[in-house]
Amino acid sequence: DGGITQSPKYLFRKEGQNVTLSCEQNLNHDAMYWYRQDPGQGLRLIYYSQIVNDFQKGDIAEGYSVSREKKESFPLTVTSAQKNPTAFYLCASSIQGRGSGANVLTFGAGSRLTVL
Amino acid sequence: AQKITQTQPGMFVQEKEAVTLDCTYDTSDQSYGLFWYKQPSSGEMIFLIYQGSYDEQNATEGRYSLNFQKARKSANLVISASQLGDSAMYFCAMREILTGGGNKLTFGTGTQLKVEL
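Residues numbered from 1 in each chain as written. Chains lettered and ligands numbered in written order. Predicted model: local features only at pLDDT ≥ 70, side-chain atom pairs only at ≥ 80, totals over all residues. Heavy atoms only, no water.

Asker: Would you take a moment to explain the overall build of chain A for this structure?
Answerer: Across its full length, chain A holds 0 helices and 11 strands. Helices (α) and strands (β) of chain A occur, in sequence order from the N terminus, as β-β-β-β-β-β-β-β-β-β-β. The C-alpha radius of gyration of chain A comes to 14 Å, within 12% of the 13 Å expected for a compact globule of 116 residues. Buried positions account for 47% of the 116 residues belonging to chain A. Taking the intrachain contacts of chain A between residues at least 6 apart in sequence as the baseline, contacts between residues at least 24 apart amount to 53%. Counting only carbon and sulfur atoms, one obtains 47% of the accessible surface of chain A, whose full area is about 5600 Å². (Helix = DSSP H or I, 4+ residues; strand = E, 2+ residues; numbered from the N terminus. Rg over C-alpha atoms; globule rule 2.2 N^0.38 Å. Buried < 20%, exposed > 50% of the residue type's maximum accessible area, 1.4 Å probe, protein only. Contact = heavy atoms within 4.5 Å. Areas by Shrake-Rupley, 256 points an atom, 1.4 Å probe, with all protein chains shown as cover.)

Asker: Help me out: how do you make sense of the side chain of Arg95 of chain B in this one?
Answerer: All names here are of chain B. For Arg95, the position within the fold is in strand E10 (residues 88-97). With no salt bridge to any partner, buried Arg95 finds its closest opposite charge in Asp55, at an N-O distance of 8.5 Å. Of the polar contacts made by the side chain of Arg95, one reaches the side chain of Tyr50; its length is 3.2 Å. (Lys, Arg positive; Asp, Glu negative; His and termini not counted. Salt bridge = Lys/Arg side-chain N within 4 Å of Asp/Glu carboxyl O. Polar contact = N/O pair within 3.5 Å; in protein donor to acceptor, adjacent residues only side chain to side chain.)

Asker: Whenever I open this one, the sheet that holds strand E1 (residues 4-7) of chain A confuses me. Can you help?
Answerer: Pairing between sheet strands relies on hydrogen bonds along the backbone, with the strands arranged either parallel or antiparallel. Residues and elements named next belong to chain A. Strand order in the open sheet formed by 4 strands is E1-E3-E8-E7, with antiparallel pairing between adjacent strands. What marks the edges here is a single partner per strand, and that holds for E1 and strand E7 (64-66). Within the sheet, the average angular offset between the axes of one strand and its neighbour, ignoring direction, is 20°. Note: E7 against strand E8 (residues 76-78), 3 bridges, orientation antiparallel. For Tyr64, the partnering residue across the bridge sits in E8 and is Val78. (Pairing = 2+ DSSP bridges. Axes fitted to C-alpha atoms, helices over the stretch in contact; angles between N-to-C directions.)

Asker: Explain the interface of chain A and chain B here, please?
Answerer: Much of the literature gives interface size as the accessible area that the parts lose upon coming together. In this assembly, 29 residues from chain A lie in contact with 23 residues from chain B. Across the chain A/chain B interface, buried area totals approximately 2000 Å², and carbon plus sulfur atoms make up 53% of it. Here chain A is connected to chain B by 1 salt bridge. One salt bridge connects Lys104 of chain B with Asp59 of chain A, and the closest N-O pair in it is separated by 3.0 Å. At the boundary of chain A and chain B, one finds 4 residue pairs in polar contact (both at pLDDT 80 or more). Every element with two or more residues in the side of chain A that touches chain B is listed here: strand E4 (31-37), strand E5 (43-51) and strand E9 (87-94) of chain A. Top contributing element to the side of chain A that touches chain B by residue count: E5 of chain A, with 4 residues. Along the lines of polarity and charge, the residues of the side of chain A that touches chain B split into 13 nonpolar, 13 polar and 3 charged. (Buried area = accessible area lost by both parts, 1.4 Å probe. Nonpolar A, V, L, I, M, F, W, Y, C, P; charged D, E, K, R; others polar.)

This is the structure we're talking about:
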C-alpha cells in the first residue's frame, strides 16, 4: 500500500545535539512538507519541497534544515539552534497542480521529539 | 496572509446526534481551498473533506458535510449521526497555491470533539 513512513516514532535527545527525522513516501508525489505541532496549537509549516533538489522555508524554518536528494525522501534535521525542539513533527506529501482540485496532503504518522 | 479561526476548543455530542464544528477564514485570494482533517489520539492526520472556493454546492463525504458560506467566510464541518470513533481533534485548513503548483496549508488551532454515550 502507498503511504508515508516516518521514523523514529519517538525520539529523545539531549540539549545541544542535532537529530534527523526520516520521511519516506511511495506515492510518487512531487511535493513534500514538514509541519510542527505543539500542544493546543495547529500545525505550522517548517519547510516544503516541490521538486527534487529544491526546497523552500516555511513559517518557522529557523533551527531546522532539510534535503531533497530523492523524490521519495525528505529528511528533517533539528539542529541545536532550535530553542524549543520538543514537539510532534508531521511529514506530508501531495501531487503538484495548478488547478482548483483538492491536491490533498497525505500525512505520515508523525515523530514525537523530546529534548531532555 | 491567510488565517483560519476555530473558536471552539472543545465540543461534546451525544452518540447518534449531529454536531457542527465552526471554522472561519480570511484571505484576499479569489481561488482557494478549504479542508477538514481529523486527528485521533494516535496522531495521524486523516483527510475528511474538501471545498473549493468556486464550488457551487456544499461538499459531502458520507456522514461529513461542509457548510460553506462564502460571503461570511465560514466553512463549518457537520458530522451527522456521531459515533464514538468520531472522538478526536478536528482541524480546518486553507490551501494557498504556491508558485510551481504545490500547496501550503494553513491550519486552525483545532476543536477537540468528544462523543458520549
